[in-house]
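Breakdown of the fold
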Amino acid sequence: FSYQWDPASVRPVVKGAETGLSPVAPRPGAIFAPSAPPWSSLRDDPVLRARTMAAACGDYLRLLLLPHPLVVDRAPRLVAGWAEPWAWSRWLFLLAAAAAAAWGRGKLPAAGFGAAWILAALTPVAGIVPLYNPVAERYIYLVTAGFALAAAALWTDAAGRAEPRFRPGILALGVLLLSVCAGRTAARSTEWRDED
């Protein structure tokens with residue numbers, strides 16, 4: 001999408017999007033710069049960007065654990081200061097992933113590798129280089145592989161350590177969780193059945 005302002009009708013125009021509005025092209029010879037998004041301050045303030053993008057990366061990890069709410073176009077929640085509880089809750093997810101990578105290296109290598117994969121896959125979208133679209137759910141596609149590897153390694157280890165009488169229950173819980181995630185994926189996929 002590119003956002004432009006149409007001075008003739010005094011309304012924003014979305015060019016190249018199916019919105020039900022008819023896009024108005026600029027008059028010949030007139031060029032309108034795209035309007036700055038509300039999060040454009042991230043480009044100019046590296047400390048704000050670091051806080052905001054670290055919280056966004058933590059929120060990606062939260063979405064892996066609880067994929068709700070899913071939104072097609074997600075805007076970053078700017079973290080203006082260090083005292084915001086919401087941001088700290090997301091930063092803790094990142095610290096947990098780093099701790100899991102360090103712990104798993106010696107104790108459970110597959111889980112440690114999966115956690116390290118998560119952090120490595122988040123690096124390109126962590127705001128080191130400012131992105132025009134700083135936050136998007138599609139950025140966690142690659143992260144999901146590391147999460148799945150770590151979760152499978154932890155689950156297998158827990159099942160192996162459990163008493164034999166608890167193993168069927170652990171397997172049933174795994175099937176239930178997998179079914180819920182598969183159902184959520186199937187429901188989400190139907191939203192892309194057509195252009196609307």
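Residues numbered from 1 in each chain as written. Predicted model: local features only at pLDDT ≥ 70, side-chain atom pairs only at ≥ 80, totals over all residues. Heavy atoms only, no water.

Some thoughts on the pattern of salt bridges
For the coordinates displayed, the defined rule picks out six salt bridges. Across the pair Arg74 and Glu137 runs a salt bridge, and its minimum N-O distance is 2.7 Å. Of the two residues, Arg74 is situated in the loop between helix H2 (46-65) and helix H3 (85-107) and Glu137 in the loop between helix H4 (109-122) and helix H5 (141-161); the sequence distance between them amounts to 63 residues. Across the pair, exposure class does not vary: Arg74 and Glu137 are buried alike. Here the salt bridges share partners, and the residues they tie into one network are Asp59, Arg62, Arg74, Arg90 and Glu137. (Salt bridge = Lys/Arg side-chain N within 4 Å of Asp/Glu carboxyl O. Helix = DSSP H or I, 4+ residues; strand = E, 2+ residues; numbered from the N terminus. Buried < 20%, exposed > 50% of the residue type's maximum accessible area, 1.4 Å probe, protein only.)

Things to note about the packing of aromatic side chains
Scanning the entire structure with this criterion turns up three aromatic pairs. Between Trp82 and Trp91 the ring centres are 5.5 Å apart and the planes differ by 50°, which places this aromatic pair in the tilted class. Taking relative accessible area as the criterion, Trp91 reaches 10% and is therefore assigned buried. Connected via pairs of aromatic rings, a cluster forms that spans Trp82, Trp88 and Trp91. A cation over a ring is seen here: Arg51 above Trp82, with NZ or CZ 5.2 Å from the ring centre. (Phe/Tyr/Trp six-rings, centres within 6.5 Å; stacked < 30°, edge-to-face > 60°. Lys NZ or Arg CZ within 6 Å of the ring centre and 35° of its normal.)

Describing the packing of H5 against helix H6 (residues 167-189)
Direction vectors running N to C along H5 and H6 enclose 160°, while the axes themselves pass 9 Å from each other. Put simply, H5 runs roughly antiparallel to H6. Considering how the two elements wind past one another, H5 and H6 form a crossing that is right-handed. Here H5 contributes Trp155, Ala158, Ala159 and Gly160 to the contact with H6, which in turn contributes Arg167, Ile170, Leu173, Gly174 and Leu177. Partitioned by chemical class, the residues of the contact of H5 with H6 number six nonpolar, two polar and one charged. (Axes fitted to C-alpha atoms, helices over the stretch in contact; angles between N-to-C directions. Parallel < 35°, antiparallel > 145°, perpendicular 65-115°, else oblique. Left-handed = near helix turned anticlockwise from the far one by under 90°. Contact = heavy atoms within 4.5 Å. Nonpolar A, V, L, I, M, F, W, Y, C, P; charged D, E, K, R; others polar.)

Some points on the confidence of the model for the protein
Here the protein averages 83 in pLDDT, and 82% of its residues register 70 or above. Mean pLDDT across the secondary structure elements of the protein bottoms out at strand S1 (residues 2-6), with 44, and peaks at H4, with 97. (pLDDT = per-residue confidence, 0-100.)

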